[in-house]
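Spelled out from the first residue to the last, the chains are:
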Amino acid sequence: MQIKITKAAVRETSFVQASVALADLADLTVDAKQVERISERIGAACCEERDAEVSRYMGLPLMARKTNPQGVESPEVAVVGVDGGRYQSFDFVRPAKTE
């Protein structure tokens, strides 16, 4: 039930609208204040999990952070493209002056 309440709170623009949507679509009678409390609690828990994961990741040495994810191999060739760049590189030989 908490998952339905949280999803309604995320999808709607207010806790009151989430409460109405739950009543209409899921036949759940949940007060808007209760929708707010549940969604705020679950949201705070998600933020704590995210912060803990970020702290763990940032605590890794730089080389450990910049390696490929498990099961992913680097390609042998990579292509880099630019859009609208002004830099052009080519070999240009000026013809000798003849006088």
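Structural notes, computed from the coordinates. (Residues numbered from 1 in each chain as written. Predicted model: local features only at pLDDT ≥ 70, side-chain atom pairs only at ≥ 80, totals over all residues. Heavy atoms only, no water.)

### Let's talk about the packing of helix α2 (residues 15-26) against helix α3 (residues 32-58)
Helix packing for two helices is described by the angle between their axes and how far apart those axes are.
Moving on, step 1. Where α2 meets α3, the axes come as close as 8 Å, and the angle between the chain directions of the two elements is 105°. Regarding the angle of α2 to α3, the classification is roughly perpendicular. Where α2 abuts α3, its residues F15, V16, A18, S19 and L22 lie against A32, V35, E36, S39 and E40.
Moving on, step 2. Of the residues assigned to the contact of α2 with α3, the class counts are six nonpolar, two polar and two charged. (Axes fitted to C-alpha atoms, helices over the stretch in contact; angles between N-to-C directions. Helix = DSSP H or I, 4+ residues; strand = E, 2+ residues; numbered from the N terminus. Parallel < 35°, antiparallel > 145°, perpendicular 65-115°, else oblique. Contact = heavy atoms within 4.5 Å. Nonpolar A, V, L, I, M, F, W, Y, C, P; charged D, E, K, R; others polar.)

### A look at the nonpolar core
Moving on, step 1. Counting residues in each nonpolar core, the largest one holds nine residues, listed as I5, A8, A9, A18, L22, L28, V30, V35 and I38.
Moving on, step 2. Of all the secondary structure elements, the ones that give two or more residues to this core are α1 (2-11), α2 and α3.
Moving on, step 3. It is α1 that contributes the most residues to this core, three residues altogether.
Moving on, step 4. Residue contacts for A9: discarding those within four places in its chain leaves F15, A18, V35 and S39. (Core = buried A, V, L, I, M, F, W, Y, C linked by side-chain atoms within 4.5 Å. Buried < 20%, exposed > 50% of the residue type's maximum accessible area, 1.4 Å probe, protein only.)

### Remarks on unusual backbone geometry
Moving on, step 1. The phi dihedral of D27 falls on the positive side, at around 55°, and the residue is not glycine.
Moving on, step 2. You can call D27 exposed: its relative accessible area is 68%.

### A few points about the packing of α1 against α2
Moving on, step 1. Where α1 contacts α2, the axes come no closer than 8 Å and their chain directions differ by 130°. If you check the angle between α1 and α2, you find them oblique. For the element pair α1 and α2, the recorded crossing hand is right-handed. Contact with α1, carried on its side by K4, I5, A8 and A9, involves F15, A18 and L22 of α2 and no other residues of that element.
Moving on, step 2. Residues that form the contact of α1 with α2 fall into these classes: six nonpolar, no polar and one charged. (Left-handed = near helix turned anticlockwise from the far one by under 90°.)

### Here's the deal with α2
Moving on, step 1. Between its terminal C-alpha atoms α2 stretches 15 Å, which fits the 16 Å expected from 12 residues at 1.5 Å a residue.
Moving on, step 2. Within α2 the residues assigned to the buried category are A18, S19, A21 and L22. Taken down its axis, α2 places every buried residue within 165° of arc, on the same side. Of the exposed residues in α2, those oriented more than 90 degrees away from the buried face are V16 and D24.
Moving on, step 3. Along its buried surface, α2 packs onto α1 and α3.
Moving on, step 4. One or two steps after α2, the chain reaches D27, where phi turns positive at roughly 55°. (Expected span 1.5 Å × (residues − 1). Arc of directions from axis to C-beta.)

### A short note on the environment of E53
Moving on, step 1. Looking at the secondary structure, you find E53 in helix α3.
Moving on, step 2. Among the residues examined, E53 registers a relative accessible area of 42% and is labelled partly exposed.
Moving on, step 3. Reaching out from E53, the side chain makes a polar contact with the side chain of R56 at a distance of 2.7 Å. (Polar contact = N/O pair within 3.5 Å; in protein donor to acceptor, adjacent residues only side chain to side chain.)

Scope: geometric values only; no functional claims are made or implied.
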